Amino acid sequence: MMETKMTSEISAKLAGQVSLGGELSVNRLGFGAMRLTGEGVWGPPKDRNKALAVLRRAVELDVNFIDTADSYGPNVSEELIAEALFPYPKGVVIATKGGWNRPGPNQWTHNATPAHLRKAVEGSLKRLRLDRIDVYQLHTPDPVVNFDASVETLAELRRQGKIRLVALSNVTKEHIERARKIVPIVSVQNRYSFADREWDFVVNFCDANGIAFIPWFPLGAGRVAGEVLDQIARAHQVGPKQIALAWLLRRSPFILPIPGTSSSEHLEENVAAAAVRLTDQEYDRLAGVPELESVR
Ligand SMILES: NC(=O)c1ccc[n+]([C@@H]2O[C@H](COP(=O)([O-])OP(=O)(O)OC[C@H]3O[C@@H](n4cnc5c(N)ncnc54)[C@H](OP(=O)(O)O)[C@@H]3O)[C@@H](O)[C@H]2O)c1
C-alpha cells in the first residue's frame with residue numbers, strides 16, 4: 001500500500017500558472033482524458049459514471065486544462081468531456097487534437113491531410129459543443145502530407161474563428177520553427193519525463209520561446225528510475241508518481257503536465273503533486289537517472 005500524504009488543500013493552482021500564447025492562462029497541472037475510454041483507447045469506458053465523476057472532480061480540484069483528441073475512443077473522450085462539464089465553467093480550457101484515424105483498438109493511422117483536418121475540427125466542435133476550440137493540436141505530423149500544408153490548414157481554421165490557438169504534438173524543433181513561420185504555436189506535446197529525456201532540447205527551446213511544453217507519459221520508467229523515485233517518495237511521504245510530476249513542474253515554468261487516469265483516487269494523488277517541492281539535490285538525482293540507466 002503506497003504511503004501518500006494528502007495536503008489539506010489539493011489544488012492544481014498550487015502548481016502556478018502558465019500562459020498559452022499570452023491569451024489564456026491555466027493552472028500548471030492539467031488532466032489527460034485519454035485513459036477515460038475503453039481498453040486500447042477504444043470504445044466507451046467500462047463505467048461511464050465513474051469516468052464522468054473523474055472529469056467533474058478534476059475541475060473541483062482547480063484543473064482547468066483538459067487534454068483530449070478526436071482519436072481517443074474515437075470520439076468517446078470528447079463526448080464524455082462535454083457530458084460531464086458542459087456548460088463549461090469559466091476558465092476551463094479544452095485542448096483537443098486531430099491527425100490520426102483509428103481503424104481499431106490500439107491502432108493509429110496517420111491522416112493530417114487538409115481535408116481530414118477540416119472535417120476533424122468540425123467533428124470536435126460538435127462533440128465538445130463549442131463554437132470555437134481554445135487549443136487545437138496537430139496530433140502528429142503525417143509522413144505522406146506536407147507538414148506546412150497541415151499547419152496552414154489549422155491557420156486557416158483559426159482565421160475562420162473555429163480554433164483560437166494552434167499547437168503541435170510529437171514534433172521536432174525544426175517542425176516548431178517551420179510552423180511558427182505560418183501561425184503562432186502556443187504549446188508542444190511530446191513524450192517526456194525525468195527518465196525519458198529525448199526531447200530535452202525541445203523543452204529548452206519551448207522554455208526560451210515562451211511556448212508551453214506538455215509532457216505525455218509523465219511517469220518515469222526503468223529500474224533505476226523506480227529505485228530513485230521510491231527513495232525520494234518515502235522521504236516526502238508521497239507516491240512515486242507525485243515525485244515524477246514534481247520533477248516536471250520544476251524542470252521548466254513552461255511545463256504543463258497532464259497525467260491521465262480513470263480513477264478519482266489517482267487523480268487526487270496526481271493533483272496533490274502540485275504542492276510537492278523537491279530539494280535541489282533530489283531534483284539533480286532524478287535528472288541524472290538517464291545516465292545511471294545507460295551505465296547499467
Ligand atoms: N500526444 C500524444 O501523442 C499523446 C500520447 C499519449 C498520451 N497523450 C496524452 O497524455 C496524457 C497522459 O499520458 P498517459 O495517460 O499515456 O500517461 P501517464 O499519465 O503517465 O500514465 C497513465 C497511467 O498511469 C496510471 N496512473 C495514473 N495516475 C496514477 C497514480 N496516481 N497512481 C498509480 N497509477 C496511476 C493510469 O492508470 P489508472 O487509470 O488505473 O489510474 C494509467 O495507466 C493522456 O491522457 C493523453 O491525454 C498524448
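Preceding this paragraph is the structure being described.
Visitor: Describe the overall build of the protein, naming the residues involved and giving the relevant values.
Guide: In terms of regular secondary structure, the protein is built from 11 helices and 11 strands. When its C-alpha atoms are laid out on the principal axes, the protein stretches across 50 × 40 × 35 Å. Taking the contacts inside the protein whose residues are at least 6 apart along the sequence as the reference set, 76% of them involve residues at least 24 apart. Surface exposure of the protein reaches about 12,800 Å², of which carbon and sulfur atoms provide 49%. Across the protein, the 36 positively charged side chains and the 35 negatively charged ones have centroids separated by 3 Å.

Visitor: How would you summarise the nonpolar core if you had to cite specific residues and measurements?
Guide: Note on soluble globular proteins: their nonpolar side chains tend to be buried together. In this structure, Leu168, Ile176, Val188, Ile243 and Leu286 are the most contacted members of the largest nonpolar core, which totals 51 residues. Counting residues in each nonpolar core, the second largest holds 31 residues, with Leu85, Val92, Leu249 and Leu267 among its members.

Visitor: I'd like to hear about the layout of surface pockets, residue by residue, with values.
Guide: Remark: the empty space left among the atoms is shown by a probe the size of a water molecule rolled over them. Size it by volume and the largest pocket reaches roughly 520 Å³. Looking at the largest pocket, it is lined by 23 residues, and the ones nearest its centre are Met34, Arg35, Tyr72, Trp216 and Phe217. Considered as a void within the structure, the second largest pocket measures approximately 310 Å³ in volume. Around the second largest pocket, the lining is made up of 14 residues, and of these Arg35, Leu36, Thr37, Gly38 and Ser262 lie nearest the centre. Tallied by class, residues from the lining of the second largest pocket come to 5 nonpolar, 4 polar and 5 charged.

Visitor: Please give an account of the packing of helix H1 (residues 48–60) against helix H9 (residues 264–272) that cites residues and values.
Guide: Look at H1 against H9: their axes get within 9 Å of each other, and the N-to-C directions meet at 25°. Our classification of the angle between H1 and H9 gives roughly parallel. Classified by chirality, the crossing of H9 by H1 is right-handed. Where H1 abuts H9, its residues Ala53, Val54, Arg57 and Ala58 lie against Ser264, Leu267 and Glu268. Looking at the contact of H1 with H9 residue by residue, the classes come out as 4 nonpolar, 1 polar and 2 charged.

Visitor: Quick one: what's the story with the sheet that holds strand E11 (residues 212–216), residue by residue and with numbers?
Guide: Read across the sheet, 7 strands follow the order E3-E4-E5-E8-E9-E10-E11 without closing on themselves; strand pairing throughout is parallel. The open sheet has two edge strands with one neighbour each: strand E3 (31–32) and E11. Pairing geometry for strand E10 (residues 185–191) and E11, over 5 bridges, is parallel. By the bridge assignment, Gln189 is partnered in E11 with Ile214. Packed on one face of the sheet, helix H4 (residues 147–159) meets strand E8 (133–138) and strand E9 (163–169) and runs near 160° to E9.

Visitor: Describe in detail the site of the ligand, supporting the description with residues and values.
Guide: With respect to spatial proximity, 24 residues lie near the ligand, and among them Arg35, Asp67, Thr261, Ser262 and His266 are the closest. Between the ligand and the protein, one listed contact pairs an oxygen atom with a side-chain N or O atom of Lys241 at 3.3 Å. Take His266: an N or O atom from its side chain is 2.5 Å from an oxygen atom of the ligand. For the ligand, the accessible surface in isolation is 890 Å², of which the surrounding protein chains cover 82%. Because more than half of its atoms lie within 2 Å of the grid, the ligand is assigned to the largest pocket. The greatest single-element share of the shell around the ligand, amounting to 3 residues, is contributed by H9. Within the shell around the ligand, the residues separate by chemical class into 9 nonpolar, 10 polar and 5 charged.

Visitor: Describe helix H6 (residues 200–209), listing the residues and the values that go with them.
Guide: Within H6 the residues assigned to the buried category are Asp200, Val202, Val203, Phe205 and Cys206. The elements touched by buried residues of H6 are helix H5 (173–180), E10, E11 and helix H8 (240–251). Positive phi shows up at Gly210, right after H6, with a value of about 65°.

What counts, and at which threshold
- Residue numbering note: each chain is counted from 1, following its sequence as written.
- Only residues with pLDDT of at least 70 get local features here, since the model is predicted, and only at 80 or more are side-chain atom pairs given and counted; chain-wide, interface and lining totals rely on the full set of residues.
- Excluded from the side-chain calculations are hydrogens and water; all other atoms, namely the structure's heavy atoms, are used.
- Secondary structure counts use DSSP, requiring at least four H or I residues in a row for a helix and at least two E residues in a row for a strand, with both numbered from the N terminus.
- Residue contacts are counted whenever heavy atoms from the two residues lie within 4.5 Å of one another.
- Accessibility throughout is a Shrake-Rupley quantity obtained with a 1.4 Å probe, and a residue counts as covered only by protein chains that appear here.
- We count Lys and Arg on the positive side and Asp and Glu on the negative side, and we leave His and both chain ends out.
- Charge placement uses NZ in Lys and CZ in Arg. For Asp and Glu, CG and CD serve respectively.
- Only buried residues count toward a nonpolar core, which is a set of Ala, Val, Leu, Ile, Met, Phe, Trp, Tyr and Cys residues joined through side-chain atoms within 4.5 Å.
- Relative accessibility under 20% of the residue-type maximum defines a buried residue, over 50% an exposed one, and the middle range a partly exposed one, all with a 1.4 Å probe and only protein chains included.
- Lining residues are those with an atom within 4 Å of a point, where the points come from a 1 Å grid over the protein atoms alone and group into cavities, where a 1.4 Å probe fits but cannot get out, or pockets, open sets with protein on both sides within 12 Å along at least five of seven lines.
- Grid points are joined across faces, edges and corners, and a volume is the space filled by probe spheres set on the points.
- Residue polarity follows a fixed list, in which Ala, Val, Leu, Ile, Met, Phe, Trp, Tyr, Cys and Pro are nonpolar, Asp, Glu, Lys and Arg are charged, and the others, Gly among them, are polar.
- Axis definition: a line fit to C-alpha positions, over the contact stretch in the case of helices; interaxial angles, taken between N-to-C directions, run 0 to 180 degrees.
- Should an angle fall under 35 degrees it is taken as roughly parallel, and over 145 as roughly antiparallel, whereas 65 to 115 is taken as roughly perpendicular and any remaining angle as oblique.
- A crossing counts as left-handed when the near helix is turned anticlockwise from the far one by less than a right angle, and as right-handed when that turn is clockwise.
- Two strands form a pair only when DSSP identifies at least two bridges running between them.
- Whether a residue is near a molecule or strand depends on its heavy atoms: if one lies within 4 Å, it is near.
- Definition of a polar contact: a pair of N or O atoms within 3.5 Å, with one able to donate and the other able to accept a hydrogen when the atoms are protein atoms, and with sequence-neighbouring residues admitted only if both atoms are side-chain atoms.
- Think of it this way: if more than half of a molecule's atoms are within 2 Å of a pocket's grid points, that molecule is in the pocket or cavity.

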